[in-house]
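Structure at a glance
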Number of protein chains: 2
Amino acid sequence: MRQARHASTTAQESRALLTKRRLKVTKARLVVLDVLRSARRPMSVHELLKAARGRAGGTVTVYRMVNSFVARGILRAVNLRHDHLDYELIGPTDHHHIVCVKCGLIEDFTGCGAGRMAAAVLKKSRSFKLVREHAIELFGTCRSCAGAEPSSKK
Amino acid sequence: MRQARHASTTAQESRALLTKRRLKVTKARLVVLDVLRSARRPMSVHELLKAARGRAGGTVTVYRMVNSFVARGILRAVNLRHDHLDYELIGPTDHHHIVCVKCGLIEDFTGCGAGRMAAAVLKKSRSFKLVREHAIELFGTCRSCAGAEPSSKK
DNA sequence: AATGTAAATGTAACTCATTTGCATTTGCTC
DNA sequence: GAGCAAATGCAAATGAGTTACATTTACATT
Ligand SMILES: [Mn+2]
Ligand SMILES: [Mn+2]
Ligand SMILES: [Zn+2]
Ligand SMILES: [Zn+2]
């Protein structure tokens with residue numbers, strides 16, 4: 001809120017993010033956080049490794065990293081029907097994802113109405129007392145992939 | 001629609017389910033379908049094997065089974081944040097699941113409002129054209145587990 | 001700035017879910 | 001009942017993710 005968004009502001013944010021949770025600041029961790037920040041989309045461990053070009057440490061290190069980050073609320077794990085989990089930074093704006101099943105394009109969206117949904121479910125359910133989290137993903141086709149379609153007539 | 005729901009009605013339904021998709025009717029397949037029908041909840045491959053007590057064939061067979069069933073629209077794979085997929089029969093009533101993160105209790109719910117949600121997302125999105133599917137799961141605590149809680153004050 | 005300690009890392013080995021190759025059996029069509 | 005593709009069983013392979021353990025590093029304390 002004080003300085004302009006120049007230079008290594010994000011590095012400072014990452015430092016803060018880590019120290020706040022009492023995690024040590026290491027080169028590898030800063031790189032992974034930076035990769036995620038600039039990618040602006042959920043990434044798998046292997047995508048992180050590739051994007052970091054060796055600067056993120058080894059495979060095991062990145063696995064340990066994402067696990068501890070998820071445990072401490074820095075990252076969220078999302079299931080986009082790939083055969084693995086993808087990870088993204090938890091930001092101030094909660095959101096979900098819509099995925100193109102043809103090309104893999106991912107877009108965020110907000111306004112899922114989960115509050116209403118949870119309330120309705122709890123009202124009807126005899127067994128459940130509380131909803132803590134929700135997972136919502138949409139799967140469809142993007143404009144370019146829909147164009148290249150055989151023919152979804154009707 | 002003609003006979004009452006006695007005896008082996010479900011076996012007939014399973015036979016129909018299979019032959020309609022040009023899948024051969026085997027003992028193992030009938031057993032798996034029956035297990036799922038009576039369990040009324042999503043089950044993992046290993047739960048299926050256990051519940052079937054040897055009558056479902058070997059592990060590999062059940063894996064192949066659920067894969068072909070999912071491919072042909074007999075089963076749906078659901079992700080309940082276990083470390084594997086669970087499978088459930090696709091019925092006439094589309095629904096989602098709410099899971100107790102303490103004890104694993106699973107309950108179905110309907111009325112997720114995904115139609116509205118999809119419409120809203122498509123209206124806002126520049127990239128997406130069509131929504132085909134959606135995954136929604138709620139995670140919370142059931143009454144008995146909420147009771148045994150340390151103290152969720154406030 | 002040197003030191004101590006717990007946390008983080010690297011390497012290799014391991015676990016566990018799921019898949020694949022191949023030989024054998026079985027359901028179904030004619 | 002014969003013939004053939006589909007289904008099965010078994011063993012081996014694959015691949016994601018974890019664990020053990022020795023080594024290094026961050027960082028608090030002096
Ligand atoms: Mn996102
Ligand atoms: Mn269900
Ligand atoms: Zn696309
Ligand atoms: Zn419970």
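Up top is the structure.
Overview of the structure. From a predicted model like this one, the values you see are computed outputs, not experimental measurements.

Near DNA strand D there are 18 residues, and of these Val 25 and Tyr 63 of chain A together with Arg 29, Thr 61 and Arg 64 of chain B occur at the shortest range. Each atom of DNA strand D within 4 Å of the protein belongs either to a base or to sugar and phosphate, the latter forming 65%. Looking at the surface near DNA strand D, the element that brings in the most residues is helix H4 (residues 59-71) of chain A, giving 4 residues. Class assignment of the residues belonging to the surface near DNA strand D gives a composition of 7 nonpolar, 6 polar and 5 charged.

Right, let's talk about the environment of His 84 of chain B for a bit. Residue and element names in this part refer to chain B. Counting through the fold element by element, His 84 comes out in the loop between strand S1 (75-78) and strand S2 (86-89). Note on His 84: relative accessible area 36%, which makes it partly exposed. In this structure the C-alpha to C-alpha distance between His 84 and Ser 44, which are 40 residues apart in sequence, comes to 7.1 Å.

The next thing to look at is the coordination of the zinc ion (ligand 4). Residue and element names in this part refer to chain B. The zinc ion (ligand 4) binds to the protein through Cys 100 (SG), Cys 103 (SG), Cys 142 (SG) and Cys 145 (SG), with metal-donor distances spanning 2.2 to 2.4 Å. Classification of the site at the zinc ion (ligand 4) rests on its 4 donor atoms, whose angles at the metal span 100 to 116°, yielding the label tetrahedral. Expressed as a motif, the donor residue spacing for the zinc ion (ligand 4) is C-x2-C-x38-C-x2-C. Taken together, the residues span a long stretch of sequence, with Cys 100 in strand S3 (residues 96-100) and Cys 145 in helix H6 (residues 143-147) at a distance of 45 residues. What makes Cys 100 buried here is its relative accessible area of 2%.

Our focus in this paragraph is the sheet that holds strand S5 (residues 128-142) of chain B. Spatial ordering of the open sheet is given by S4(A)-S3(A)-S5(A)-S5(B)-S3(B)-S4(B), a layout of 6 strands whose pairing is mixed. Strands with a single pairing partner mark the edges of an open sheet, and in this sheet they are strand S4 (106-109) of chain A together with strand S4 (106-109) of chain B. Neighbour to neighbour, the strand axes of the sheet diverge by 25° on average, direction disregarded. Relative to strand S5 (residues 128-142) of chain A, strand S3 (residues 96-100) of chain A is paired through 4 bridges, and the arrangement is parallel.

As a further point, take the side chain of Ser 14 of chain A. All names here are of chain A. Among the structural elements, Ser 14 can be located in helix H1 (residues 9-20). When its relative accessible area of 1% is taken as the criterion, Ser 14 is described as buried. Side-chain polar atoms of Ser 14 contact the side chain of Arg 37, separated by 2.4 Å. When residues no more than four places from it in sequence are discounted, the contact partners of Ser 14 are Leu 30, Leu 33 and Arg 37.

As a structural note, the neighbourhood of DNA strand C is formed by 18 residues, with Arg 29, Thr 61 and Arg 64 of chain A together with Val 25 and Tyr 63 of chain B the closest of them. Contact between DNA strand C and Lys 24 of chain A: a sugar or linking oxygen at 3.1 Å from a side-chain N or O atom of the residue. In the model, a base nitrogen of DNA strand C is placed 3.4 Å from a nitrogen or oxygen of the Lys 24 of chain B side chain. The set of elements that each furnish at least two residues to the surface near DNA strand C consists of helix H2 (27-39) and H4 of chain A together with helix H4 (59-71) of chain B. Split by residue class, the surface near DNA strand C holds 7 nonpolar, 6 polar and 5 charged.

Counting residues at the interface gives 35 residues for chain B, matched by 35 residues for chain A. Where chain B abuts chain A, roughly 3400 Å² becomes buried across the two surfaces, and 56% of that area is made up of carbon and sulfur atoms. Contact with chain A buries area across many residues of chain B, yet Met 117, Phe 128 and Arg 143 of chain B alone supply 19% of it, more than any other trio. Summed over the shared surface of chain B and chain A, the result is 2 salt bridges.

Residues and elements named next belong to chain B. The first and last C-alpha atoms of helix H2 (residues 27-39) sit 18 Å apart over 13 residues, in line with the 18 Å expected at 1.5 Å per residue. Looking only at H2, the buried set comprises Ala 28, Arg 29, Leu 30, Val 31, Val 32, Leu 33, Val 35 and Leu 36. Contact partners of the buried residues in H2: helix H1 (9-20), helix H3 (45-52), H4, S1 and S2. Arg 40 sits one or two residues past H2 and shows a positive phi near 55°.

Time to look at unusual backbone geometry. Glycine aside, a negative phi is what most residues show, and trans is what most peptide bonds show. Backbone geometry places Arg 53 of chain A, a non-glycine residue, at a positive phi of 45°. Judged by its relative accessible area of 73%, Arg 53 of chain A falls in the exposed class. The backbone of Arg 22 of chain B sits at a positive phi, close to 60°, despite the residue not being glycine. Locating Arg 22 of chain B in the fold gives a position in the loop between H1 and H2.

Procedures and definitions
- Residues numbered from 1 in each chain as written.
- Chains lettered and ligands numbered in written order.
- Predicted model: local features only at pLDDT ≥ 70, side-chain atom pairs only at ≥ 80, totals over all residues.
- Heavy atoms only, no water.
- Near = heavy atom within 4 Å.
- Helix = DSSP H or I, 4+ residues; strand = E, 2+ residues; numbered from the N terminus.
- Nonpolar A, V, L, I, M, F, W, Y, C, P; charged D, E, K, R; others polar.
- Buried < 20%, exposed > 50% of the residue type's maximum accessible area, 1.4 Å probe, protein only.
- Donors = N, O, S within 2.8 Å, 3.2 Å for Na, K, Ca; no water.
- Tetrahedral: all angles 85-135°; square planar, octahedral: opposite > 155°, others 65-115°.
- Pairing = 2+ DSSP bridges.
- Axes fitted to C-alpha atoms, helices over the stretch in contact; angles between N-to-C directions.
- Polar contact = N/O pair within 3.5 Å; in protein donor to acceptor, adjacent residues only side chain to side chain.
- Contact = heavy atoms within 4.5 Å.
- Buried area = accessible area lost by both parts, 1.4 Å probe.
- Salt bridge = Lys/Arg side-chain N within 4 Å of Asp/Glu carboxyl O.
- Expected span 1.5 Å × (residues − 1).

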